[in-house]
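# Summary of structural features
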Amino acid sequence: MQFETLPGFREFYPDACARRNHIFGQWRKVARAFNFLEYDAPVLEPLELYIEKSGEEIVGQLFNFEDRGGRAVALRPEMTPSLARLVGAKANGLKRPIKWFNIGEHYRYERPQKGRLRAFYQYNVDIFGEAGPGADAELIALLVQALQAFGLGSDDFKVRLSDRDLWLHMLAAEGLDEDASATVLGIIDKLERMDRSKAIERLAPVIGDEAEAFLGRIEEVIAIRDFETLTNYMQNLASEGDIADQIRIRLGEWEQLLNSLQAAGAGEFIQIDLGIVRGLAYYTGFVFEAFEASGEGRALAGGGRYDALVKKLGGPDMPAVGFAMGDVTLADLLESKGLTPTYVQSPDFIAIIGGPEARDAAMGDAALIRRMGYTIDYPLKDQAFGKQFKEANQKGARFALIYGSEEIEQGVVKVRDFSSGVEQMLPRDGLEASIPDLMQSGLS
RNA sequence: GUGGCUAUAGCUCAGUUGGUUAGAGCAUCGGCUUGUGGUGCCGAGGGUCGCGGGUUCGAAUCCCGUUAGCCACCCCA
């Protein structure tokens, strides 16, 4: 019986595993550079946790089942609810701002396709406890740097920046109430993929006869790409009153955010684009999306403010901002840009073993070398010398340690530096002292 | 959930209008006198032709179903 992997699940042979770990390594390095702390949470959670956050519809897209104790459970499709619980439970004891990150596998029961599998890794980075734009700036700067770490530049990706808060002010200025605004935001989110006539049709119930003109104004806003135009547009929209005040305050926060990002060196990556609102209702302020600047334009990462979510999931009132980046789309992009390094996992040493007596000597030295933190390998059964050298080369070893009968008799080992071809005898009882030198300088 | 394309060795692929025992390259394993290098030479293993059914004297080849993969839609936390 030959078993296959489940649809949408991946196996990582050593090469693929090395590529995956390269991605994890860069993610981790950048998060640490910003002094974010790594946390982790269970892979299996109560189903209710996800229903509470996202509604009953989510169940159709989960790996969920009943466990032996009759509990309704689900493999985690995302990290945010677990994280909100972790933070919420200890909120009063955690020093703020709380800057945390995680790299973990997530599971969604969906039809696999390009850039999307049923099991995938996500880089989750979040800040809790800071409501001001400083937190948004920190997070977006980290996002930019995390992508730059792979060798991607501003020709390769951009971060679209938008703001649900500003939209709500705008829509309020248009005379819409909260419910109507939410509906309109949902339509804006889909505008890119929707026919204009369809959009008008869907706007009509909330807007009425003027839906077409209204849509025209929305399209004008979405086309804005610079802060000056945005400011002018907003000031024309409402010049006095509460709404005008709120818009003025919000634009001040925009200015702070943009200045911080400029100062952090992320300016060239930022693209104002109010067309991004993110479908999820729980986003509350700035929202952003990193996407490929060329080709497909696929989303690489997405995130934003979710100031109300921790409370909704049973925690205290706690402002939050975060983003998530998946490994699948990122790996695809790196591959297409030729930015996937080739990984050689090769040993420092290979022992060439002449016989049983030599094997004992080699294994003793190998134990020492391994304790010193270097990599040494040797054939597990006796083989001809020629074959052993060939294998040492194929494995990419830097040095051969040759244990023949002559060497054993004299208490030495012959070292060969494969890059120069130079050989030298080393006393076996002085290896601990001579090996670091050898690793440093080689033989020439 | 809907649709399109695909499925032959570990990988990339040949395989004639349906016709004997399904092939190649790469990879793997063994050997080329147990003291020296990725190339070389010799040899070997490895396939229920995705799976099930049908048509036929005969199916990798034609038909139906099914599963999986890829792609698009839906959705996208």
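Only a predicted model underlies this, so the values are computations on that prediction, with no experimental measurement involved.

### Re the pattern of salt bridges
Counted under the stated rule, the structure contains 29 salt bridges. Taking the shortest distance from any N to any O, the salt bridge between Asp-382 and Arg-359 comes out at 3.2 Å. Of this pair, Asp-382 sits in the loop between strand 13 (376-377) and helix 14 (385-394) while Arg-359 sits in helix 13 (residues 356-371); the two residues are 23 residues apart in sequence, bridging distant segments of the chain. When salt bridges with common partners are traced through the structure, they connect Arg-160, Arg-225, Asp-273, Arg-278 and Glu-289 into a single cluster.

### Observations regarding the pairing of strand 5 (residues 98-107)
Buried residues dominate strand 5, accounting for nine of its 10 residues. Bridging between strand 5 and strand 6 (residues 119-128) involves 10 bridges; their strand directions are antiparallel. Of the residues in strand 6, the one forming a bridge with Phe-101 is Val-125.

### Notes on the nonpolar core
Counting residues in each nonpolar core, the largest one holds 79 residues, and the members touching the most others are Tyr-123, Trp-167, Phe-323 and Met-325. With near-sequence residues (within four places) excluded, Met-325 lies in contact with Trp-27, Tyr-121, Gln-122, Tyr-123, Leu-143, Ala-146, Leu-147, Leu-300, Ala-301 and Leu-330. By size, the runner-up hydrophobic cluster in this structure holds 23 residues, among which are Ala-358, Ala-366, Leu-368 and Met-439.

### Details of the domain arrangement of chain A
How big an interface is tends to be stated in terms of the accessible area lost upon association of its parts. The domain architecture assigned to chain A consists of domain 1 (14-336) and domain 2 (349-441). Each of domain 1 and domain 2 has a C-alpha centre, and these two points are 54 Å apart.

### What about the sheet that holds strand 13?
On the basis of which strands lie adjacent, the open sheet formed by five strands has the order 13-12-14-15-16 and mixed pairing. With one partner strand each, in any of the chains shown, strand 13 and strand 16 (423-427) form the two edges of the open sheet. Here strand 15 (residues 412-417) runs beside strand 16; their pairing, made up of five bridges, is antiparallel. Counterpart to Arg-416 in the pairing with strand 16 is Glu-423.

### Notes on helix 7 (residues 196-207)
Where helix 7 is concerned, the buried positions are Ala-199, Ile-200 and Leu-203. In a view along the axis of helix 7, the buried residues occupy a sector of 95 degrees, so they form one face of it. Residues of helix 7 that are exposed and point more than 90 degrees away from the buried face comprise Ser-197, Glu-201 and Pro-205. Downstream of helix 7 by a residue or two, Gly-208 has a phi angle that is positive, lying close to 95 degrees.

### Considerations on the packing of aromatic side chains
One pass over the full model with this rule turns up 18 aromatic pairs. Residues Phe-101 and Tyr-123 carry aromatic rings whose centres are separated by 6.3 Å and whose planes lie at 75 degrees to one another, so their mutual orientation is edge-to-face. Linking Phe-101 in strand 5 with Tyr-123 in strand 6, this pair joins segments that are 22 residues apart in sequence. Accessibility classification places Phe-101 together with Tyr-123 in one group, the buried group. Taken together, the ring pairs connect Phe-12, Phe-24, Trp-27, Phe-101, Tyr-121, Tyr-123 and Phe-323 into an aromatic cluster. Directly above the ring of Phe-12 sits Arg-20, whose terminal nitrogen or CZ lies 4.8 Å from the centroid.

### As for the side chain of Asp-136
Turning to its location among the elements, Asp-136 is positioned in helix 4 (residues 133-148). Discounting chain neighbours no more than four positions away, the residues touching Asp-136 are Leu-257, Phe-286, Arg-305 and Val-321.

### What to know about the protein's contact with RNA strand B
Taken together, 34 residues lie near RNA strand B, and Gln-113, Arg-116, Leu-280, Arg-416 and Glu-423 sit nearest. Note that a phosphate oxygen of RNA strand B is positioned 3.1 Å from one of the side-chain N or O atoms of Lys-381. When residues of the surface near RNA strand B are traced back to their parent elements, those giving at least two are helix 14, helix 15 (405-410) and strand 15.

### Quick word on unusual backbone geometry
Residue Pro-97 is bonded to the preceding Arg-96 through a cis peptide linkage, with omega at 0 degrees. Even without a glycine there, the phi angle at Asn-35 is positive, about 60 degrees.

### A short note on a positive patch on the surface
Side chains of Lys-190, Arg-193, Lys-198 and Arg-202 sit close together on the surface and give a patch of like positive charge. In this structure, Arg-193 sits in the loop between helix 6 (178-190) and helix 7.

### Details of a negative patch on the surface
A grouping of Glu-48, Glu-52, Glu-56 and Glu-57 is seen on the molecular surface, where their side chains present a negatively charged patch. Along the chain, Glu-56 turns up in the loop between helix 2 (47-54) and strand 3 (64-66). Take Glu-56: its relative accessible area is 53%, and that puts it in the exposed class.

The rules behind each value
Residues numbered from 1 in each chain as written. Chains lettered and ligands numbered in written order. Predicted model: local features only at pLDDT ≥ 70, side-chain atom pairs only at ≥ 80, totals over all residues. Heavy atoms only, no water. Salt bridge = Lys/Arg side-chain N within 4 Å of Asp/Glu carboxyl O. Helix = DSSP H or I, 4+ residues; strand = E, 2+ residues; numbered from the N terminus. Buried < 20%, exposed > 50% of the residue type's maximum accessible area, 1.4 Å probe, protein only. Pairing = 2+ DSSP bridges. Core = buried A, V, L, I, M, F, W, Y, C linked by side-chain atoms within 4.5 Å. Contact = heavy atoms within 4.5 Å. Domains from an automatic or database assignment. Arc of directions from axis to C-beta. Phe/Tyr/Trp six-rings, centres within 6.5 Å; stacked < 30°, edge-to-face > 60°. Lys NZ or Arg CZ within 6 Å of the ring centre and 35° of its normal. Near = heavy atom within 4 Å. Polar contact = N/O pair within 3.5 Å; in protein donor to acceptor, adjacent residues only side chain to side chain. Patch = residues over 30% accessible without salt bridge, like charges linked within 9 Å, V, L, I, M, F, W, Y side chains within 5 Å. Areas by Shrake-Rupley, 256 points an atom, 1.4 Å probe, with all protein chains shown as cover. Lys, Arg positive; Asp, Glu negative; His and termini not counted. Charge placed at Lys NZ, Arg CZ, Asp CG, Glu CD.

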